[in-house]
Each structure stands twice: as C-alpha cells, then as structure tokens.
Amino acid sequence: MTDNAQTRRAAMAGAALTVASATSLAALAAPRGTAEAGLESGGIRAIGVETARTNYRGRPALRAIALENVSGLDRLVLLNTPPFSDCTIEGWISGAPAAQASATARGFVGIAFRVRDEAELEAIYLRPTNGRADDQLRRNHSVQYISHPDCPWERLRAEAPAKYETYVDLEPGRWTHVRIVVHGARAQLYVDGAQQPTLIVSDLKHGAEAKGAVALWVGPGTIAHFSGVRIRP
C-alpha cells in the first residue's frame, strides 16, 4: 500500500490529523506538491504563505506568514485529506499582524473546509485585534464566515449585516481553541471550549452536498500559528 493510500484509509476511519510535530506531519499527510521554504517536502502544501515548524507559546506549531502580492483570494496551507462533506475540525490557532502590515491588518487566521481547486472554499476565521478594540463595531466583526469565490466578506456584510460575523473575546498572538462542526448546509464555531456556538451559519453557500479538503487559512499581513489541528469525519 502506498503512503497516500495509508493516509486516506486512516483519515476515513476517523484517525486524527494533527499539526503538532515533524513526525506527525510526515506520517499523516502524504505528498501533494512542493512545499514553501521551511517545510519538509511532502508534508503539506502551502499557497501564498511561508511556513516553518516551530515552538510557539509552549506548543509545537506550524508557523505560516502571509506573503504579499498573492494573486488568489486565499492564502492556505492545504492538508492532504479526503474530500470531506461533513466533519469536525478543531485545534489551536493564533494570529497577529506582521510588523510591516498595514493599519487595516487584524491578524486574520482561521480554518477553511470543503476546499476545491484552491479557489473554491468556505472558511471561518478570526480577527484577533478586534476582540478587545475600544470600538464596539470592530468588536462585532471579531469572527467571520466567507464562501469563495462568490461570497467574500464584503458582499456578505453588505447583503446581510451581522448574519455571518459576530463578537468573541480575542487577543492577537494568543492561542485560541476553535472547533468547527460542518454538517450539510450548516456550520457552527465553538471557541475556547464553550458549550454554545459563537457563530452559526445555517446556509453554507456551496450547498449541503459540497465536498472538499481542509486547509489552514491565513489573511493578508498576518503571522499565524497552528497546533493540534484534528479532523474527524
């Protein structure tokens, strides 16, 4: 059996895919193209980010720094998973604006799911600098759902204000635990072990039957870290 076949069998049987260390990355993710600098070939596939394994605030982590002048909508670290429709994704994520980022940078960091052809995906992400802003309107934009390519955040905010984003307490650079439950046309985000979801999206724009891979999502001007990311069908 090839490494790729073993990976897919394990994932489909419900094995956890963990972003934690060089060993776990190599064992659980099979080759899918050339990785960016700092990441051993064959582990995962980075698009629009520079990646490296590191230790961050007491956790083994994958660091992903957003590159400038990226042509697509999204900067991703694609995990070599089967094409999930329904799944639960959880892990620790952290985002902070890079030193040279613009004033509008928020440390954007999140998880993308049902990723197809790199340009079609749905994602839920955080804006960490908004979590404790003095401006209440900014606080209300702490969490965001998007569906690319047709429904970026600008369109969703304009057409349905407050429906696809909400407040949660965040700090830039701090580890935040997230759990995203995707089932049919519905996705729920749970933050830092809360029993109730922070955000409920009941009309995922790609529809209930959409399938695709899972990816780590990084916004412009961001230094992101990911640790202990697990995916369960």
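A quick note: this is a predicted structure, and the numbers were derived from the prediction, not measured.

## Some remarks on the packing of aromatic side chains
- Summed over all chains, the structure comprises four aromatic pairs.
- Considering the side-chain rings of Phe 108 and Tyr 125, the 6.2 Å spacing of their centres and the 75 degrees angle between planes classify their relative orientation as edge-to-face. Separated by 17 residues along the polypeptide, Phe 108 in the loop between β5 (87–97) and β6 (109–116) and Tyr 125 in strand β7 (residues 120–126) bring together distant segments of the chain.
- Here Phe 108 falls in the buried class, since its relative accessible area comes to 12%.
- Taken together, a centroid distance of 4.3 Å and an interplanar angle of 20 degrees make the contact between Tyr 125 and Trp 217 stacked. Of this pair, Tyr 125 sits in strand β7 while Trp 217 sits in strand β13 (residues 213–218), placing them 92 residues apart in sequence. Residues Tyr 125 and Trp 217 agree in their burial class; the two are buried.

## A short note on the sheet that holds strand β8 (residues 143–148)
- Pairing is antiparallel across the open sheet formed by seven strands, whose spatial order is β1-β4-β13-β6-β7-β8-β9. Among the strands making up the open sheet, the edge pair consists of β1 (45–47) and β9 (165–166).
- Inspection of the sheet shows β7 paired to β8 by six bridges, in the antiparallel sense. What sits directly across from Ile 124, in β8, is Tyr 145.

## Some words on the pairing of β8
- Taking burial as the measure, the six residues of β8 include six buried ones, the bulk of the element.
- Here β8 shows no split at all, with Val 143, Tyr 145 and Ser 147 on one side and Gln 144, Ile 146 and His 148 on the other all buried.
- For β8 and β9, the ladder comprises two bridges, and the chain directions are antiparallel. Opposite Val 143, over in β9, you have Thr 166 as the bridge partner.

What counts as what
Residues numbered from 1 in each chain as written. Predicted model: local features only at pLDDT ≥ 70, side-chain atom pairs only at ≥ 80, totals over all residues. Heavy atoms only, no water. Phe/Tyr/Trp six-rings, centres within 6.5 Å; stacked < 30°, edge-to-face > 60°. Helix = DSSP H or I, 4+ residues; strand = E, 2+ residues; numbered from the N terminus. Buried < 20%, exposed > 50% of the residue type's maximum accessible area, 1.4 Å probe, protein only. Pairing = 2+ DSSP bridges.

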